[in-house]
Amino acid sequence: MDSIYHTLRKSNPASARILVRKVLEKNNGNVSKTARILGISRATVRRARDGELNDLSRRPKNIRKKIDCSLEKLIVEEAKSTGYRYRLLSYYLKNKYSIEISENTIKKVLKRNRVRKKKIRTLNKNRRHLYDYEHLTPFSHLQIDTKHILYETSLPKSVYRHIEKYDLPKYEWNAIDVKTRMRFTAYSHTLSASFGFAFILFVVLWLKLHNVRGKINIRLDNGSEFASSSRRKLDEYNEFFSKLNVELKPIPPGAKHLQAIVENSHRKDDESFFSIHPERCRNDAEFLLKAQQWQDTWNTARPHYGIDMNGLTPFEKLKSTKAMISENIVRFPTLLLEDIIRVAGYPYEWLSKFVNLYIFSRGGKYVWTTYQS
C-alpha cells in the first residue's frame, strides 16, 4: 500500500516535498524519524530537504549521437513518400543520397516522429508472399502485362498532347523476371493477339538463346491481347509453348495482386520515363532509343528494394545467383512490334523462317539406335 507521500507525489510532487519539510521541521530535523513516519527512505527525505520542490528534467545535458534535424526531416519525408520501413529505407538513402544510416537509427526516428507502418490488408493480418523468393531460380517465373501509355491522370498534359501529335507508341509490353526483377520491353501502336503471341515468343526465344534451360512459368492477365479471354486459344498457345517448356498461366478475374511485380513497375515508368522523355522524341526511332536507355538503366543501374533484392540491380542479382546464364541476356533489344511483324511476318511465319519447325510439330517418336562398332 502506498504511503501518504507516494500518493500525494503522483498528483503533485511539489506538495509531497512540502509535506516532508513540514514533518521534518516538527521533528527537529531528524531525518530517520521523518522517514519512518512517512514510510519513505532517508535519501528521499534529504532530497526533499535540500533539493527543488518541482521535478527536474530527466533529459541528458549532452547527447553525443543525436541525429541532425535536417537529416531527421529527410528520413521522415522519404519514409512517407516511399512507404519504406527502416531496412529498405537504409538501402534507399545510401543509394540515392550516399548517406549511410543504420537501421536502428532510422527505426528510432520513425518511432519518434510517429510514422506509421502501412497496414497489411489480409484477413489474419499476416503478410503473404506471392512466391518463395529465396528458392526461385532466375527466369523460372515471369509476369507479363501491357501498359496503356496515354493516361491523362498519369502524364503531364504537354506530354500527352506530344505523344498524340507525333503518333508515338501508345502501348508498352512488359515481361519481368520475379527472381531478378530484370525486365524485357517492347512497344506498339495498337493491341492485338498477334502482337501478344510475338512478344511472348520473342522473350522466350531470347531466354533460351542465353542458356535458360528450366521450365518457364509465365503469369498473364485476362486481356484479349494474350488470348486469355478465349479458353480454346489459350489451350492452343499452351500446347505450342509446351514444346519450349513454357506454361502460360492467366490470373483469375479481379486478382490483379497476382501481377503485383509488373504492375508496380508501371508507376516507375510514368515517374522516370513517360513523364519526361517522350516529349523529346519526334518519331518512333528516337522514342525506342530513349526506351532502350530506360530499360538498360532499370536492369543495370537502378537498385531495387523489393523482397530478396536488398538494394541490388537486376544484373547484380543475376550474378549473385551464380546461375549458368549468359550475362548478355541483359542486352534485350527494345523493339516496335509492328516492325517485327513487318520484317519477319506473323509469328508462325517467323518460326518457319528462323527456327527448325520440326521441333515444334506433332507426331513422331525418337527411336534409340544401337551403336555400330
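Every chain is numbered independently, its residues counted from 1 as its sequence is written. With pLDDT at 70 or above as the cut-off, local features in this predicted model cover only qualifying residues; side-chain atom pairs require 80 or more to be listed or tallied, and sums for whole chains, interfaces and linings still use all residues. Side-chain numbers come from the whole structure's heavy atoms, not from hydrogens or water.

Asker: Help me out: how do you make sense of the pairing of strand S2 (residues 171–177) in this one?
Answerer: Looking along a regular strand, one sees side chains alternate from face to face of the sheet. Taking burial as the measure, the seven residues of S2 include seven buried ones, the bulk of the element. Relative accessibility thresholds used throughout: buried, under 20% of the residue-type maximum; exposed, over 50%; partly exposed, between the two (1.4 Å probe, protein chains only). A run of H or I in DSSP becomes a helix once it reaches four residues, and a run of E becomes a strand once it reaches two; helices and strands are each numbered from the N terminus. On S2, burial covers both faces: Tyr171, Trp173, Ala175 and Asp177 on one face and Glu172, Asn174 and Ile176 on the other are all buried. With seven bridges connecting them, strand S1 (residues 141–148) and S2 associate as antiparallel partners. Looking across to S2, one finds that glutamine 143 is bridged to isoleucine 176. Counted between consecutive antiparallel strands, the loop separating S2 from strand S3 (residues 183–188) contains five residues, among which arginine 181 sits at a positive phi close to 65°. At least two bridges found by DSSP between two strands are what make those strands a pair.

Asker: How do you make sense of the UniProt feature "transmembrane region" (unreviewed entry) in the protein when you look at a structure like this?
Answerer: UniProt positions are given in the numbering used here, feature names are shortened, and annotations may be inferred rather than shown by experiment. Following the UniProt record, the feature "transmembrane region" (unreviewed entry) maps to residues 186–207 here. Along residues 186–207 one finds 68% helix and 14% strand; the C-alpha atoms at either end are 15 Å apart.

Asker: Explain helix H8 (residues 157–165) to me, please; I cannot follow it from the model alone.
Answerer: Because an α-helix completes one turn every 3.6 residues, residues spaced three or four positions apart along the sequence face the same direction. What H8 keeps buried is the set Val159, Tyr160, His162 and Ile163. Seen from one end, H8 has its buried residues packed into an arc of 165°, which puts them on one side. Among the exposed residues of H8, those oriented more than 90 degrees off its buried face are Lys157, Arg161 and Lys165. Tucked inside the fold, the buried residues of H8 contact helix H11 (260–274). Taking the helix axis as origin, the arc is that swept by the directions to the C-beta atoms. Contact criterion: two residues are considered in contact whenever any of their non-hydrogen atoms come within 4.5 Å of each other.

Asker: Even after reading the chapter, I still don't get the pattern of salt bridges, so can you show me in this structure?
Answerer: Note on pairing: side chains with opposite charge can pair once their charged atoms come close. Salt bridges are counted wherever a side-chain nitrogen of Lys or Arg sits within 4 Å of a carboxyl oxygen of Asp or Glu. Tallied over the full model, the rule gives 19 salt bridges. Two residues, aspartate 270 and lysine 147, come together in a salt bridge whose shortest N-O distance is 3.1 Å. In this pair, aspartate 270 sits in helix H11 while lysine 147 sits in strand S1, placing the two residues 123 residues apart along the sequence. The exposure class assigned to aspartate 270 is buried, which follows from its relative accessible area of 12%. For lysine 147, a relative accessible area of 6% gives the class buried.

Asker: What should I look at first to understand the nonpolar core in this one?
Answerer: Inside soluble globular proteins, nonpolar side chains tend to come together where they are buried. What makes a nonpolar core is a set of buried Ala, Val, Leu, Ile, Met, Phe, Trp, Tyr and Cys residues whose side-chain atoms join them at distances within 4.5 Å. Counting residues in each nonpolar core, the largest one holds 42 residues, and the members touching the most others are Phe139, Phe184, Ile218, Phe241 and Ile329. Looking at which element gives the most residues to this core, the answer is helix H9 (residues 193–209), with 11 residues. Isoleucine 218 has contacts with Leu142, Ile144, Ile200, Val204, Val246, Glu247, Leu248 and Lys249, leaving out every residue within four places of it along the chain. Core analysis: the next-biggest nonpolar cluster, separate from the first, contains 24 residues, Ile149, Phe274, Leu288 and Leu336 among them.

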